[in-house]
Amino acid sequence: SIKGCIFDLDGVIVDTAKYHYIAWKRLANELGFDFTEEDNEKLKGVSRIRSLELLLELGNKSVDDKTKLELADRKNNWYVEYISKMDKSEILPGVENFLIKLKENGFKIALGSVSKNALTILKNVGLIDYFDVIVDGTKVINAKPDPEVFLKGAEGLNLNPKECCVFEDAIAGIQAAKKCNMKVIGVGSEEILSDADIVICGFENVDIDILNFT
Ligand code: B16
Ligand code: MG
């Protein structure tokens, strides 16, 4: 049975995808091409440098490795500026209540994000104390769909992967959870996240007994 939950951050706990989007768009525009919300879907759950490579492909640009790092840095500086203004009001509806219920019922809680900015975000929105374990982009080598981030989460919680349930909004994240035999609840659209065990559209009115249905 499920003893712990592993949460993705971006798109599950907070909507930082919109900040990633405006920062990548700003970069694309500086480089002379456009970047749409649809293009941004492909970047969800993907590492910073891989996201940049996908963006450059879209704009038909090729640059050397040094420039790549410079561009990724430029985007990240804007992103950091946006997230520095985040507060409690940006926690997605129902999330904090769900975390409280998990705690009350003895479930363990981990973060499984590939973002290097995860700690800053959790601190800014005031949720950091709910997490027993935080695995973020500073602790993993491989981004999703590699299962490393979730395996490290389970290990940190001292649980078998089968005892963990992952909450994910990205296709890459669902693939990662499936690869290590974890239950996965998709957060978002059923159409896009059809590989998840179940899909919820958000945490509003979702009870923790959803963990029994997986
Ligand atoms: P950073 P998650 C991911 O977070 C985002 O979905 C993805 O769009 C981003 O490129 C990645 O983090 C790296 O973020 O540039 O802050 O290190 O969904 O795994 O919580
Ligand atoms: Mg995500």
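Please read all numbers here as calculations on a predicted model, not as lab measurements.

Cut-offs and rules
Residues numbered from 1 in each chain as written. Chains lettered and ligands numbered in written order. Predicted model: local features only at pLDDT ≥ 70, side-chain atom pairs only at ≥ 80, totals over all residues. Buried ≥ 20, exposed ≤ 12 C-beta atoms within 10 Å, placed from the backbone. Helix = DSSP H or I, 4+ residues; strand = E, 2+ residues; numbered from the N terminus. UniProt positions renumbered as here; feature names shortened; annotations may be inferred. Contact = placed C-beta atoms within 7 Å. Pairing = 2+ DSSP bridges. Axes fitted to C-alpha atoms, helices over the stretch in contact; angles between N-to-C directions. Near = placed C-beta within 6 Å. Nonpolar A, V, L, I, M, F, W, Y, C, P; charged D, E, K, R; others polar. Right-handed = clockwise from strand over helix to strand, strands pointing away.

Quick question: what am I supposed to make of unusual backbone geometry here?
Excluding glycine, a negative phi dihedral is what most residues carry, and trans is how most peptide bonds are arranged. A cis amide bond links Lys-144 to the next residue, Pro-145, at an omega of 15 degrees. One non-glycine residue, Asn-181, adopts positive backbone phi at about 60 degrees. For Asn-181, a count of 11 C-beta atoms within 10 Å puts it in the exposed group. Despite not being glycine, Asn-205 has its phi angle at roughly 60 degrees, a positive value. Within the secondary structure layout, Asn-205 lies in the segment after strand E6 (198–200). Overall, the presence of 9 C-beta atoms within 10 Å leaves Asn-205 in the exposed class.

Can you help me understand the UniProt feature "binding site: Mg(2+)" (unreviewed entry) in the chain in this one?
Listed under "binding site: Mg(2+)" (unreviewed entry) in the UniProt record, and renumbered for this structure, are Asp-8, Asp-10, Glu-168 and Asp-169. Spatially, the listed residues are clustered: although they cover 162 residues, their C-alpha atoms lie within 8.9 Å of one another. Locating Asp-10 in the fold gives a position in the loop between strand E1 (4–7) and helix H1 (17–30). For Asp-10, a count of 23 C-beta atoms within 10 Å corresponds to the buried category. Look past the residues within four positions of Asp-10 in its chain and what remains in contact with it is Thr-16, Ala-17, Ser-113 and Ser-115. Secondary-structure assignment places Asp-169 in the loop between strand E4 (164–168) and helix H8 (171–179). You can call Asp-169 buried: it has 26 C-beta atoms within 10 Å.

How should the sheet that holds strand E2 (residues 108–112) be read in this particular structure?
Two pairing modes exist for strands in a sheet, parallel and antiparallel, and in both the strands are linked by backbone hydrogen bonds. Strand order across the open sheet formed by six strands is E3-E2-E1-E4-E5-E6, with parallel pairing between neighbours. Strand pairing shows two members of the sheet lacking a second neighbour, strand E3 (133–135) and E6, which therefore form its edges. Averaged over all adjacent pairs, the angle separating strand axes in this sheet is 25 degrees, with direction ignored. As paired strands, E4 and strand E5 (residues 183–187) are joined by four bridges and run parallel to one another. Each residue of the ladder has a partner; that of Cys-165, found in E5, is Lys-183.

Would you mind going over the pairing of E1 with me for this structure?
Each regular strand shows side chains that alternate between the opposite faces of the sheet. Of the two faces of E1, the one lined by Gly-4 and Ile-6 and the one lined by Cys-5 and Phe-7 are each fully buried. Relative to E2, E1 is paired through four bridges, and the arrangement is parallel. Residue pairing in the sheet places Ile-6 in a bridge with Ala-110 of E2.

Would you explain the site of ligand 1 in this entry?
Of all residues adjacent to ligand 1, which total 20 residues, the nearest are Leu-9, Asp-10, Ser-113, Ser-115 and Lys-116. Residue composition of the shell around ligand 1, by class: five nonpolar, 10 polar and five charged.

What is the right way to read the pairing of E4 from this model?
Counted residue by residue, E4 has five buried out of five residues, so it is predominantly covered. Burial along E4 is two-sided: Cys-164, Val-166 and Glu-168 facing one way and Cys-165 and Phe-167 facing the other are all buried. The sheet contact formed by E1 and E4 spans four bridges and is parallel. Of the residues in E4, the one forming a bridge with Cys-5 is Cys-165. In terms of handedness, the path from E4 via H8 over to E5 forms a crossover that is right-handed.

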